[in-house]
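So you can see what is in the structure, the chains are spelled out below.
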Amino acid sequence: MSKNKLGLVFGLSAYGLWGLFPLYWPLLEPADALEIVSHRAVWTLVFCIIILAITKALKSTVTTLKRPQVALKLFAASFLISVNWLVYIWATNNGHVVEASLGYYINPLIIIAFGVLLLKEKMRVLQWVAVGIASLGVLVLTIDYGRLPWVALALAISWGSYGLIKKQLGLGALEGLAIETGISFIPYAAYLIYLGNQGTGQFGHSPGLTFLLISAGAITAIPLLLFNGSTTRLPLSTIGLLQYITPTLQFSIGVWVRHEDMPPARWAGFLIIWVALITLGTDLVRSSRAVDNRITQ
């Protein structure tokens, strides 16, 4: 299999698995969002340690924390990923899958905004058009919901901020995830111990649920490893287009599997968002071709 084909398989698998997450987290009920996230963090750390030990990368990962500036950014990344996980799992288990999908639809636009505001990057014309159209879509959805789509905004901002920090760090996907879950291990493990002592935790109550709670670690890490494999084999433009697989699957699950309410105004808001993303995708393809042409000249 060629490098590009293998990268495409990895990318499709990663984004496809992320898109199917709304089918997995409800299986962990009656555990609430905080208990699920606690198990997710703890077992993700265990999974990462095993893989890092097998690949003999555990020692180098630990030494990363000895650099103060890096450690500080990793603490921030750990906080942001915890917020993202909590909001997302709460949303999927409380009838807000469609709104959660909106967060990942608008995430590329949030990243562009971060680039302009924080990194002083210049936006191209089509990017301005896409941001303007998307803003109109968010306004329509705000009017429809009768409130700001806070789930979507919280997911987009937390994930965008997390991505910005990870880009600055330049760590491997598995190494970064191991450190981030290691930082949050003590409070999450303490919370699970507290639930166990109170007799209100779900771990150990049934073999099936216990297995699913433990599996949350692998479920979290495997798509990330697949994504990492795709980014080293595919051009940025392809990765940029593949990322829309995840929210599209989430949206489809919310509408046609979970049967969440979709009044005409909400459809209109999403349609406007999709137009914005088509505009952004067009800009991404054009800019990528321009770069390729300059390289070949």
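Predicted model, so just to flag it, every value in this text is computed and none were measured.

**Quick notes on the overall build of the protein**
For step 1, the next point in the chain: Within the protein one finds 14 helices and zero strands.
For step 2, the next point in the chain: For 297 residues, the compact-globule estimate of 2.2 N^0.38 gives 19 Å, and the C-alpha radius of gyration of the protein, at 20 Å, lies within 12% of that figure.
For step 3, the next point in the chain: Viewed in the frame of its principal axes, the protein has a C-alpha envelope of about 60 × 50 × 40 Å.
For step 4, the next point in the chain: Each of the 297 residues in the protein was classed as buried or not, and the buried ones make up 48%.
For step 5, the next point in the chain: Expressed as a percentage of contacts within the protein between residues at least 6 apart in sequence, the contacts between residues at least 24 apart total 84%.
For step 6, the next point in the chain: If you sum the accessible surface of the protein, you get close to 14800 Å²; carbon and sulfur atoms cover 69% of it.

**Examining the packing of aromatic side chains**
For step 1, the next point in the chain: Taken as a whole and assessed by the stated rule, the structure comprises 17 aromatic pairs.
For step 2, the next point in the chain: An angle of 80 degrees between the planes, with centres 5.9 Å apart, marks the rings of Tyr-15 and Phe-227 as edge-to-face. Here Phe-227 lies in helix H11 (residues 207–231) and Tyr-15 lies in helix H1 (residues 3–19), a separation of 212 residues in the sequence.
For step 3, the next point in the chain: On the basis of relative accessible area, Tyr-15 is assigned to the buried category, the value being 7%.
For step 4, the next point in the chain: Taken together, the ring pairs connect Tyr-105, Phe-251, Trp-256, Trp-267, Phe-270 and Trp-274 into an aromatic cluster.
For step 5, the next point in the chain: The lysine or arginine in question, Arg-40, covers the ring of Trp-85, its NZ or CZ lying 4.1 Å from the ring centre.
For step 6, the next point in the chain: Taking the ring centre of Tyr-145 as reference, the NZ or CZ of Arg-147 above it sits at 4.9 Å.

**Things to note about the pattern of salt bridges**
For step 1, the next point in the chain: Scanning the model with the defined rule gives four salt bridges in all.
For step 2, the next point in the chain: A salt bridge links Arg-147 to Glu-99; the nearest nitrogen and oxygen atoms lie 2.9 Å apart. Here Glu-99 lies in helix H6 (residues 97–117) and Arg-147 lies in the loop between helix H7 (125–145) and helix H8 (150–169), a separation of 48 residues in the sequence.
For step 3, the next point in the chain: The class of Glu-99 is buried, set by a relative accessible area of 1%.
For step 4, the next point in the chain: In this structure, Arg-124 engages Asp-283 in a salt bridge whose closest nitrogen and oxygen atoms are separated by 2.8 Å. Taken together, the residues Arg-124 in the loop between H6 and H7 and Asp-283 in helix H14 (residues 264–296) connect sequence positions 159 residues apart.
For step 5, the next point in the chain: On the basis of relative accessible area, Asp-283 is assigned to the buried category, the value being 5%.

**Observations regarding the side chain of Ser-158**
For step 1, the next point in the chain: One can find Ser-158 in helix H8.
For step 2, the next point in the chain: Residue classification places Ser-158 among the buried positions, given a relative accessible area of 4%.
For step 3, the next point in the chain: Here the side chain of Ser-158 touches Ala-154 through a polar contact of 2.7 Å, landing on its backbone oxygen.

**Section: the nonpolar core**
For step 1, the next point in the chain: Trp-25, Leu-28, Tyr-88 and Leu-155 are the most contacted members of the largest nonpolar core, which totals 53 residues.
For step 2, the next point in the chain: A per-element tally of this core places helix H5 (residues 68–92) first, with ten residues.
For step 3, the next point in the chain: Among all residues touching Trp-25, those that are not within four sequence positions of it are Ile-36, Arg-40, Tyr-88, Ile-89, Thr-92, Asn-93, Ala-216 and Thr-220.
For step 4, the next point in the chain: By size, the runner-up hydrophobic cluster in this structure holds 25 residues, among which are Val-98, Ala-130, Met-262 and Leu-277.

**Considerations on a nonpolar patch on the surface**
For step 1, the next point in the chain: Among the surface-exposed residues, Leu-20, Leu-23, Trp-256, Val-257 and Trp-267 lie close enough to one another that they form a single nonpolar patch of about 480 Å² accessible area.
For step 2, the next point in the chain: Positionally, Val-257 belongs in helix H13 (residues 245–257).

**So, the packing of H6 against H13**
For step 1, the next point in the chain: Two elements in contact, H6 and H13, have axes whose closest approach is 8 Å; the angle formed by their N-to-C orientations is 165 degrees. Relative to H13, the element H6 is oriented roughly antiparallel. For the pair H6 and H13, the sense of crossing is left-handed. Between H6 and H13, the residues in contact are Val-97, Val-98, Ala-100, Ser-101, Tyr-104 and Tyr-105 and Pro-247, Thr-248, Gln-250, Phe-251, Gly-254 and Val-255, respectively.
For step 2, the next point in the chain: A breakdown of the residues in the contact of H6 with H13 according to their chemical character gives eight nonpolar, four polar and no charged.

**A look at the environment of Gly-176**
For step 1, the next point in the chain: Its place among the elements puts Gly-176 in helix H9 (residues 173–183).
For step 2, the next point in the chain: Considering only alpha carbons, one finds Gly-176 and Thr-61, 115 residues apart in sequence, at a separation of 8.1 Å.
For step 3, the next point in the chain: Beyond its immediate chain neighbours, meaning those up to four positions away, Gly-176 contacts Lys-166 and Leu-171.

**Quick look at H7**
For step 1, the next point in the chain: An ideal rise of 1.5 Å per residue puts 30 Å on 21 residues; H7 measures up with 30 Å between its terminal C-alpha atoms.
For step 2, the next point in the chain: Turning to H7, its buried residues are Gln-127, Ala-130, Ala-134, Gly-137, Val-138, Leu-141, Thr-142 and Tyr-145. Projection of H7 onto a plane perpendicular to its axis shows the buried side chains occupying an angular sector of 140 degrees, all on one side. Within H7, the exposed residues directed more than 90 degrees away from the buried face are Val-125, Trp-128 and Ile-143.
For step 3, the next point in the chain: Two residues or fewer past H7, Gly-146 is found with a positive phi of approximately 80 degrees.

Scoring rules and cut-offs
Counting of residues starts from 1 at the beginning of each chain's written sequence and follows it residue by residue. Under the rules for a predicted model, residues below a pLDDT of 70 receive no local features and side-chain atom pairs below 80 are neither given nor counted, while totals for whole chains, interfaces and linings still include all residues. Side-chain numbers here rest on the full set of heavy atoms in the structure, without hydrogens or water. Secondary structure elements follow DSSP: runs of H or I of four or more residues count as helices, runs of E of two or more count as strands, with numbering from the N terminus. Computation of the radius of gyration draws on C-alpha atoms, with the globule rule given as 2.2 Å multiplied by the number of residues to the power 0.38. Accessible area is worked out with a 1.4 Å probe on protein chains only. A residue is then buried under 20% of its type maximum, exposed over 50%, and partly exposed in between. In this description, contact between two residues means that some pair of their heavy atoms is separated by no more than 4.5 Å. Per-residue and other accessible areas follow the Shrake-Rupley method at a 1.4 Å probe size, with only the shown protein chains counted as cover for residues. Pairing of aromatic rings covers Phe, Tyr and Trp, the last through its six-membered ring, and needs centres within 6.5 Å; plane angles under 30 degrees mean stacked, over 60 mean edge-to-face, and all others mean tilted. Only when the NZ of Lys or the CZ of Arg is both within 6 Å of the ring centre and within 35 degrees of the ring normal is a charge said to sit over the ring. By definition here, a salt bridge exists when the distance from a side-chain nitrogen of Lys or Arg to a carboxyl oxygen of Asp or Glu is within 4 Å. As used in this structure description, the phrase polar contact means that two N or O atoms lie within 3.5 Å; if the pair is within protein, one of them must be able to donate a hydrogen and the other to accept it, and residues adjacent in sequence are counted only when both atoms belong to side chains. To qualify as a nonpolar core, a set must consist of buried Ala, Val, Leu, Ile, Met, Phe, Trp, Tyr and Cys residues joined through side-chain atoms within 4.5 Å. Residues with no salt bridge and a relative accessible area higher than 30% make up the patches, which join like charges within 9 Å and nonpolar side chains (Val, Leu, Ile, Met, Phe, Trp, Tyr) within 5 Å. Angles here are taken between N-to-C directions and fall from 0 to 180 degrees, while the axes themselves are lines fitted to C-alpha atoms, restricted in helices to the stretch in contact. Any angle that falls under 35 degrees is termed roughly parallel, while one over 145 is termed roughly antiparallel, one within 65 to 115 roughly perpendicular, and all others oblique. Crossing handedness is defined as follows: a turn of the near helix away from the far one that is anticlockwise and smaller than a right angle gives a left-handed crossing, while the clockwise case is right-handed. By the convention adopted, Pro, Cys, Tyr, Trp, Phe, Met, Ile, Leu, Val and Ala count as nonpolar, Lys, Arg, Asp and Glu as charged, and the other residues, Gly among them, as polar. To estimate how far a helix should reach, multiply one less than its number of residues by 1.5 Å. By definition, the arc is the one covered by directions from the helix axis to the C-beta atoms.

Read these as layout, nothing more, since geometry by itself doesn't imply function.
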